Amino acid sequence: MPLVQTATSVPVTIDDAKCIADKGCTVCVDVCPLDVLRIKELADGTKTAYMKYDECWYCMPCEADCPTGAVTVTIPYLLK
Amino acid sequence: MDEILDGLTQIDCDILVIGGGTAGPMAALKAKKKNPQANVVLLDKANVKRSGAISMGMDGLNNSVIPGYATPEQYTKEITIANDGIVDQAAVYRYAQECYGIIRELDGFGIRFQKDQNGEYDVKKVHHIGTYVLPMPNGDTVKKALYRQLRKSRINVVNRYMATRLLTGEGRIAGAICVNTRTAEFLVIRAKAVIMGLGAAGRLGLPTSGYLFGTYENPSNSGEGYSMAYHAGAGLANLECYQINPLIKDYNGPACAYVAGPMGGYTSNAQGERFIECDYWSGQMMQEFYDELQSGKGPVFLKLNHLAEETVSEIERVLHIVERPTRGHFHAGRGTDYRRQMIEMHISEIGFCSGHSASGVFVDDHARTTIPGLYAAGDMANVPHNYMLGAFTHGAFAGEDAADFMGEVDFAEFDLADVEAERARVLAPTKRDDGIPPNQIEYKTRRLVNDYLQPPKVTAKMELAQKRFAEVREDMEQGMVARDAHELMRALEAASILDCADMAASASLYRTESRWGLYHNRVEYARDDENWFCHTLLTKGADGLPAHEKRAVEPYVVDIAEDEKDAYYKQRVDASVAAE
Ligand SMILES: Cc1cc2nc3c(=O)[nH]c(=O)nc-3n(C[C@H](O)[C@H](O)[C@H](O)COP(=O)(O)OP(=O)(O)OC[C@H]3O[C@@H](n4cnc5c(N)ncnc54)[C@H](O)[C@@H]3O)c2cc1C
Ligand code: SF4
Ligand code: SF4
């Protein structure tokens, strides 16, 4: 059974302009109980956090603990 | 990160605590306090700082027994009645006697509890009979306060390792096998005692939204506690007594009972009429809720729009900030406002959780399971209606007893072949190039749970469930694929979810009577005290399938009068009151 990619919208967004992953911050990645956030490199070589897996409990430690207020948690579309 | 690496490390400790949510941290602290020389490891699949049911905090203690408001005898009686008498009272009674001391300790950690003008704890009545709910005005600090204590006591915290199997040998516990959730590397931990606090089986049924992670429970609690105990040969009690909760529809978070109830909010039908006298969660209450939904008077709502502005603001302040702080976002998105309309509620998917219901790994009043050296506490152990304070208090019992136990034994020998077999099982999905991804295995299992196991329970449906689960198991064992370490974690979770689904079906078929209201409503059978006033104990049989036996309820510590026994069945508001 071959695999395909099915698109899904994710409930958590990160404001690249505010995110200081470049300075070594990984707080949101560290605290998420579902472990769904990761750090990636942007086109300009700087780093930012992002939601890699659509497996969210909309619980909010990521937003509450981010030192710069870069994270916004919304309700996953299926239950919104 | 997430790349699959090949590796295996072995470490030793005196006491291994699995699960750093609520029960686990308290167990680790108490063990270390009792034996400061002990090497205590606290291991979690997530990060202990923000893991488990209380990751963001908690609104209050739902079941506190505070001198002046309630006695241990009253509490034990109420919990026995709420569970149709199937309770070994010793564990409940010991909790009721000692939980006040735990509250004082938590207070000392910096967690504040609501007090009245006289500085006395301000306890609220929510239960059918007694008064036990104590609000926590700074409930959002619980995890931070606990973490500070763990640091101070020099507990070794190991994050992002998922326990997958227990090791046994010489007839007792020997340790556990764990897998790193970001690299798939193995960690084998030898321990003289193991305490499990892995929480509820929160991803058993599928939420009506269809979103796998839109559960009531923290979805990182996916049933490994139950599955590991089962495969190690421990007994699990009364698994047919499911958890089913009355929740905000779709959001799937708690609605009102413990916060809004004491302030005048209540559960109503579509006509705005109250139909249950008491919003405390029980199987009997859930049956009334279900009946109302079916009656044509549904759906059911949380009603606050009759309350004064300052009361509603206060309710919002608690409900939208502490436990599930996205609740405000949800209402904003729907355009619903407590002041203007009632909020639609619904029945949750099924799960296992003694925190709110009663089933789980069988334990005694020291949190000992049926395997020497193995303990369980919190939502996964079978002490009924345990909630947060129960997790803390029984976690404390486990930690203290384990500190004694480890002094009497050395490491138990285990069979190295068990580690090899587990390695092969865990890594199988990583050896395939294509196949079925874990989310599809999980979705199908959970969709079948809803189709066939959600009460009211019907024999033929549950037998069909067993057949279909066996097909899914075959697909999982032969064809599941995981492309990175994160997917592998989900694959291992899918396996525990399927184990729990099998146990739920099997346990429900074994008890041929109805009990606990909706939780075990078997439409073909009435309640049968003559044959079924007992626990059911599920173990792994010689054929690898669940085996069952009856276990007598221990003689009561606190007697229940004949005319009190059915108090929880008298929940329905009579028509004259409802019309007011
Ligand atoms: C939304 C919600 C609201 C609630 N509100 C209240 C309330 O107001 N008052 C109240 O008294 N009670 C409340 N409860 C109940 C209470 O929170 C729980 O009963 C209690 O916290 C359970 O504690 P626990 O230690 O058993 O589980 P948890 O605190 O959930 O801890 C389980 C831990 O196990 C870890 N884990 C899971 N699987 C593995 C694995 N395979 N390997 C390693 N680690 C693993 C998890 O990451 C987690 O840290 C609420 C529960 C929920 C879900
Ligand atoms: S916590 Fe905030 S600043 Fe840090 S990595 Fe995450 S989004 Fe960026
Ligand atoms: S809301 Fe919770 S589950 Fe979702 S990304 Fe944030 S911390 Fe993780």
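This is a predicted model, so every value here is computed, not measured.

(A) Structural view of the site of ligand 3. All names here are of chain A. In the vicinity of ligand 3 there are 14 residues, among which Cys 32, Cys 56, Cys 59, Met 60 and Cys 62 approach most closely. One can see that ligand 3 is located within the second largest cavity. Of the residues that constitute the shell around ligand 3, the class distribution is 14 nonpolar, no polar and no charged.

(B) Highlighting helix H11 (residues 438–452) of chain B. Residues and elements named next belong to chain B. An ideal rise of 1.5 Å per residue puts 21 Å on 15 residues; H11 measures up with 21 Å between its terminal C-alpha atoms. Along H11, the residues classified as buried are Pro 438, Ile 441, Glu 442, Thr 445, Arg 446, Leu 448, Val 449 and Tyr 452. The arc that holds the buried residues of H11, viewed along the axis, is 155°, so those residues lie on one side. As for H11, its buried residues are in contact with helix H12 (459–479) and helix H13 (485–510).

(C) Broad picture of unusual backbone geometry. Residue and element names in this part refer to chain B. Residues Gly 298 and Pro 299 are joined by a peptide bond in cis, for which omega reads -5°. Relative to the elements of secondary structure, Pro 299 occurs in the loop between helix H6 (283–294) and strand S12 (300–303). With an omega of 0°, the peptide bond between Pro 455 and Pro 456 qualifies as cis. Position of Pro 456 among the secondary structure elements: in the loop between H11 and H12. With a phi angle near 60°, Arg 160 is a residue other than glycine that sits in the positive phi range. If you trace the backbone, Arg 160 turns up in the loop between strand S5 (156–158) and strand S6 (161–169).

(D) Looking closely at the sheet that holds strand S13 (residues 343–347) of chain B. All names here are of chain B. Here we have four strands laid out as an open sheet, ordered S10-S13-S12-S11, and antiparallel in their pairing. Each having just a single partner strand, strand S10 (246–248) and strand S11 (266–268) make up the two edges of the open sheet. Neighbour to neighbour, the strand axes of the sheet diverge by 40° on average, direction disregarded. Packed onto the sheet, H6 meets S10, S11, S12 and S13 and runs at close to 115° relative to S13.

(E) Region of interest: empty space enclosed by the protein. Residue and element names in this part refer to chain A. Under the defined criterion, the tally for this structure stands at eight cavities of 30 Å³ or more. Cys 19, Cys 25, Cys 28, Ala 49 and Cys 66 are, among the 15 residues lining the largest cavity, the residues nearest its centre. Taken together, the residues of the lining of the largest cavity sort by class into 13 nonpolar, two polar and no charged. Taken as a whole, the second largest cavity holds about 80 Å³ of empty space. As for the second largest cavity, its lining consists of 13 residues, and the residues nearest its centre are Cys 32, Val 36, Cys 56, Cys 59 and Cys 62. Across the lining of the second largest cavity, the residue classes break down as 13 nonpolar, no polar and no charged.

What counts, and where the lines are drawn
Residues numbered from 1 in each chain as written. Chains lettered and ligands numbered in written order. Predicted model: local features only at pLDDT ≥ 70, side-chain atom pairs only at ≥ 80, totals over all residues. Heavy atoms only, no water. Near = heavy atom within 4 Å. 1 Å grid on protein atoms, 1.4 Å probe; cavity = no way out; pocket = protein on both sides within 12 Å on 5 of 7 lines; lining within 4 Å. Sits in = over half its atoms within 2 Å of the grid points. Nonpolar A, V, L, I, M, F, W, Y, C, P; charged D, E, K, R; others polar. Helix = DSSP H or I, 4+ residues; strand = E, 2+ residues; numbered from the N terminus. Expected span 1.5 Å × (residues − 1). Buried < 20%, exposed > 50% of the residue type's maximum accessible area, 1.4 Å probe, protein only. Arc of directions from axis to C-beta. Contact = heavy atoms within 4.5 Å. Pairing = 2+ DSSP bridges. Axes fitted to C-alpha atoms, helices over the stretch in contact; angles between N-to-C directions. Points joined across faces, edges and corners; volume = space filled by probe spheres on them.

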